[in-house]
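Structural description and commentary
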Amino acid sequence: MPLVVLCGRPGSGKSRRAAELRAALEGPERQAHVVAEAEGGRAALRAEVERRLSRRDVVIVDAGNELRSIRYELYCAARQAGTARCLLHCAGGPGGPDEPPFEAPDPRNRWDRPLFTVRGEEPLPLAAIRAALFESAPPPPHRATRSQPLQSSGFLHHLDRVTQEVLAAVMAAQRSGAQPGEVVRVPGVAEGLVLNRPVSMAELSRLRRQFISYTKMQPSDENLPQLASMFLQYLSRSIQ
């Protein structure tokens, strides 16, 4: 059954909203599971979501999901399971200099819609959420399981090239003596990657394969300008 992804800054009320959703969506015909962030970080969260996803139960992801790359991975997991999904943005939160950066959801991105936003004590739009989860048509099969259009072939070629360029830049920076905590820059990409420890080519290659396996589930030319940034974010979250 469907996937509800929560996102928001620390202190924005995500856990309270997850409990409300669970009480509202659970019933005799289905269970509702809340999956929260754990010690294993991003990879463990994604694995638990994938394990829970089914055509019967509801899965609610109670986590910050502050980066678009994280939300994209969960979007791909829902499509792979053939189930509906929606995003609930808990706006607000006290903010602070030490909190992780938050990339606000943008409904123009397919992985950020259907999008619902609540602030403070606003009631949940439960009728609209139920309609998105239970009354919408199931998503079509993954393009990865069908004949790919020509633009998808070009997309995958670009994905391969961009991720190779990112890996080459990271390895070149390490060979040049980059120290833990320094920002690694990739030509043509505004954001950088801060490595807290040395990373081998074998580990980078493994993470690259994982990123490609998720991204190629939905090849789309609209993602082309963001691929390098998304991959850098994926590396940043995966390399602990």
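Residues numbered from 1 in each chain as written. Predicted model: local features only at pLDDT ≥ 70, side-chain atom pairs only at ≥ 80, totals over all residues. Heavy atoms only, no water.

Quick look at the overall build of the chain now. Across its full length, the chain carries seven helices and seven strands. Reading the chain from its N terminus to its C terminus gives the helix and strand order β-α-β-α-β-α-β-β-α-α-β-β-α-α. For the chain, with 240 residues in total, the buried portion stands at 46%. Of the roughly 11500 Å² of accessible surface on the chain, 53% is carried by carbon and sulfur atoms. (Helix = DSSP H or I, 4+ residues; strand = E, 2+ residues; numbered from the N terminus. Buried < 20%, exposed > 50% of the residue type's maximum accessible area, 1.4 Å probe, protein only. Areas by Shrake-Rupley, 256 points an atom, 1.4 Å probe, with all protein chains shown as cover.)

Assignment of secondary structure puts Arg 17 in helix α1 (residues 14–25). Sequence-distant contacts of Arg 17, that is, excluding residues within four places in its chain, are made with Leu 6, Leu 88, Cys 90, Val 118, Arg 119, Gly 120, Glu 121, Glu 122, Pro 123 and Leu 124. (Contact = heavy atoms within 4.5 Å.)

Now for helix α3 (residues 68–81). Here α3 spans 20 Å end to end across 14 residues, near enough to the 20 Å set by a 1.5 Å rise per residue. Across the 14 residues that make up α3, a large majority, 12, are buried. Where α3 is concerned, the buried positions are Arg 68, Ser 69, Ile 70, Arg 71, Tyr 72, Glu 73, Leu 74, Tyr 75, Cys 76, Ala 77, Ala 78 and Arg 79. With its phi angle positive at about 70 degrees, Gly 82 sits one or two positions after the end of α3. (Expected span 1.5 Å × (residues − 1).)

Our next topic: the packing of aromatic side chains. Aromatic ring pairs are described here by two measures, namely the spacing of the ring centres and the angle between the planes. The tally for this structure, following the rule as stated, stands at four aromatic pairs. When the centroid spacing of 5.1 Å and the interplanar angle of 90 degrees are considered together, the rings of Tyr 72 and Trp 111 count as edge-to-face. In this pair, Tyr 72 is assigned in helix α3 and Trp 111 in the loop between β4 (85–91) and β5 (115–119), connecting sequence segments 39 residues apart. Considering the side-chain rings of Phe 211 and Tyr 234, the 5.6 Å spacing of their centres and the 55 degrees angle between planes classify their relative orientation as tilted. On the criterion of sequence distance, the pair formed by Phe 211 in helix α6 (residues 201–215) and Tyr 234 in helix α7 (residues 227–238) is long-range, its members being 23 residues apart. Take Phe 211 and Tyr 234: they sit in the same class, and that class is buried. Ring pairs connect the aromatic residues Tyr 72, Tyr 75 and Trp 111, which therefore count as one cluster. Above the face of the Phe 134 ring, Arg 30 is positioned so that its terminal group lies 4.0 Å from the ring centre. (Phe/Tyr/Trp six-rings, centres within 6.5 Å; stacked < 30°, edge-to-face > 60°. Lys NZ or Arg CZ within 6 Å of the ring centre and 35° of its normal.)

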